[in-house]
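The chain contents come next:
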Amino acid sequence: DGGITQSPKYLFRKEGQNVTLSCEQNLNHDAMYWYRQDPGQGLRLIYYSQIVNDFQKGDIAEGYSVSREKKESFPLTVTSAQKNPTAFYLCASTSGYGTDTQYFGPGTRLTVL
Amino acid sequence: AQSVTQPDIHITVSEGASLELRCNYSYGATPYLFWYVQSPGQGLQLLLKYFSGDTLVQGIKGFEAEFKRSQSSFNLRKPSVHWSDAAEYFCAVGAGSNYQLIWGAGTKLIIKP
């Protein structure tokens, strides 16, 4: 079955560490997204990528980095510069147009110890 | 600026009762409108979407939504809720040519037995 996988489901980070969250899709979608979700704030866009080797900052990109070396993969690195990284992170993909349905992975919950 | 407002943070409904979740948007052109549902600790699933045509849209799980241009609203309805409908519901607006969705803050639905 086609879909989006995110790993790990739970991730714990010590202060000052970088961590990388994995997102893989086998839907053959061109566009991929990373969102951050905090209680009561809905989804906030971190980065998105329309095609391989290209990506754009979203509303809250500071302290995060991404890469898009393969169409099916869009890993997110949470760097030590992100001051409040504890949150639920969601990856999504779409076929290539902003008005098309976004399909979501199951999410990764990151906790800073 | 584009925005989406979901006025109700929480709604409590008795099982078997009808449901209406409100969504208001601010957007200059004809919007592309979405409702997603999120079970606790999970990703988001599309319930329904409106692009054009009939303003009453049918979705999965017995949900429907009506687009009212004059009120800038896209309210989600269900005639009879089930305990399994307990979840958080998000309204989103697509801005057309770009690849981003604008998200509401979500409404948490609680079902009373």
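Coordinates for the structure precede this section.
Residues numbered from 1 in each chain as written. Chains lettered and ligands numbered in written order. Predicted model: local features only at pLDDT ≥ 70, side-chain atom pairs only at ≥ 80, totals over all residues. Heavy atoms only, no water.

Q: Talk me through the pattern of salt bridges; I want residue IDs and the actual numbers.
A: Residues and elements named next belong to chain A. In total, this model carries seven salt bridges over all chains according to the counting rule given. Note that D30 and K71 form a salt bridge whose closest N and O atoms lie 3.4 Å from each other. Residue D30 is located in the loop between strand 3 (19–25) and strand 4 (31–37), and its partner K71 is located in the loop between strand 7 (64–66) and strand 8 (76–78); the two are separated by 41 residues in the primary sequence. Take K71: its relative accessible area is 27%, and that puts it in the partly exposed class. (Salt bridge = Lys/Arg side-chain N within 4 Å of Asp/Glu carboxyl O. Helix = DSSP H or I, 4+ residues; strand = E, 2+ residues; numbered from the N terminus. Buried < 20%, exposed > 50% of the residue type's maximum accessible area, 1.4 Å probe, protein only.)

Q: Lay out the side chain of S73 of chain A with the relevant residues and their values.
A: Residues and elements named next belong to chain A. Relative to the elements of secondary structure, S73 occurs in the loop between strand 7 and strand 8. Of note is the side chain of S73, whose polar atom sits 3.0 Å from the side chain of E24. In contact with S73, not counting residues within four places along its chain, are C23, E24, M32, S67 and R68. (Polar contact = N/O pair within 3.5 Å; in protein donor to acceptor, adjacent residues only side chain to side chain. Contact = heavy atoms within 4.5 Å.)

Q: With reference to specific residues and values, describe the state of the cysteines.
A: In total, this model carries two disulfides over all chains according to the counting rule given. In this model, C23 of chain A is linked to C91 of chain A through a disulfide, with the two sulfur atoms separated by 1.8 Å. Residues C23 of chain A and C91 of chain A share a disulfide whose torsion about the S-S bond is about -70°; that sign makes it left-handed. One end of the pair, C23 of chain A, is in strand 3; the other, C91 of chain A, is in strand 9 (residues 87–94), with 68 residues separating them in the sequence. The same class applies to C23 of chain A as to C91 of chain A, namely buried. One disulfide bridge connects C23 of chain B with C91 of chain B, the sulfur atoms lying 1.9 Å from each other. (Disulfide = S-S within 2.5 Å.)

Q: Tell me about the interface of chain A and chain B, and please be specific about residues and values.
A: Counting from both sides, the interface comprises 25 residues of chain A and, opposite them, 20 residues of chain B. Roughly 1800 Å² is buried in total at the junction of chain A and chain B, and carbon and sulfur atoms are behind 54% of that figure. Taken together, the connections running from chain A to chain B amount to zero salt bridges. The interface formed by chain A and chain B includes four residue pairs in polar contact (both at pLDDT 80 or more). (Buried area = accessible area lost by both parts, 1.4 Å probe.)

Q: If you had to explain the nonpolar core to someone new, which residues and values would you point to?
A: Judged by nonpolar contacts, the single largest core of 26 residues is most densely connected at L19, W35, L47, L48, F74, L76 and Y89 of chain B. Mapped onto this core, the elements with two or more residues apiece are strand 2 (10–14), strand 3 (19–21), strand 5 (32–38), strand 6 (44–50), strand 8 (64–68), strand 9 (73–78), strand 10 (87–94) and strand 12 (107–112) of chain B. The biggest single contributor to this core is strand 10 of chain B, with four residues. With residues near it in sequence (within four places) discarded, F74 of chain B still touches C23, L33, F34, W35, L48, Y50, A65, E66 and F67 of chain B. In terms of nonpolar packing, the next biggest core, distinct from the first, is built from 20 residues, C23, Y47, Y64 and A87 of chain A among them. (Core = buried A, V, L, I, M, F, W, Y, C linked by side-chain atoms within 4.5 Å.)

Q: Which residues make up the sheet that holds strand 3 of chain A, and what are the values?
A: Residue and element names in this part refer to chain A. What the four strands build is an open sheet, ordered 1-3-8-7; its pairing is antiparallel. With one partner strand each, in any of the chains shown, strand 1 (4–7) and strand 7 form the two edges of the open sheet. Taken pair by pair, the neighbouring strands of this sheet meet at an average axis angle of 20°, ignoring direction. The sheet contact formed by strand 3 and strand 8 spans three bridges and is antiparallel. When the sheet's bridge partners are listed, T20 is paired in strand 8 with T77. (Pairing = 2+ DSSP bridges. Axes fitted to C-alpha atoms, helices over the stretch in contact; angles between N-to-C directions.)

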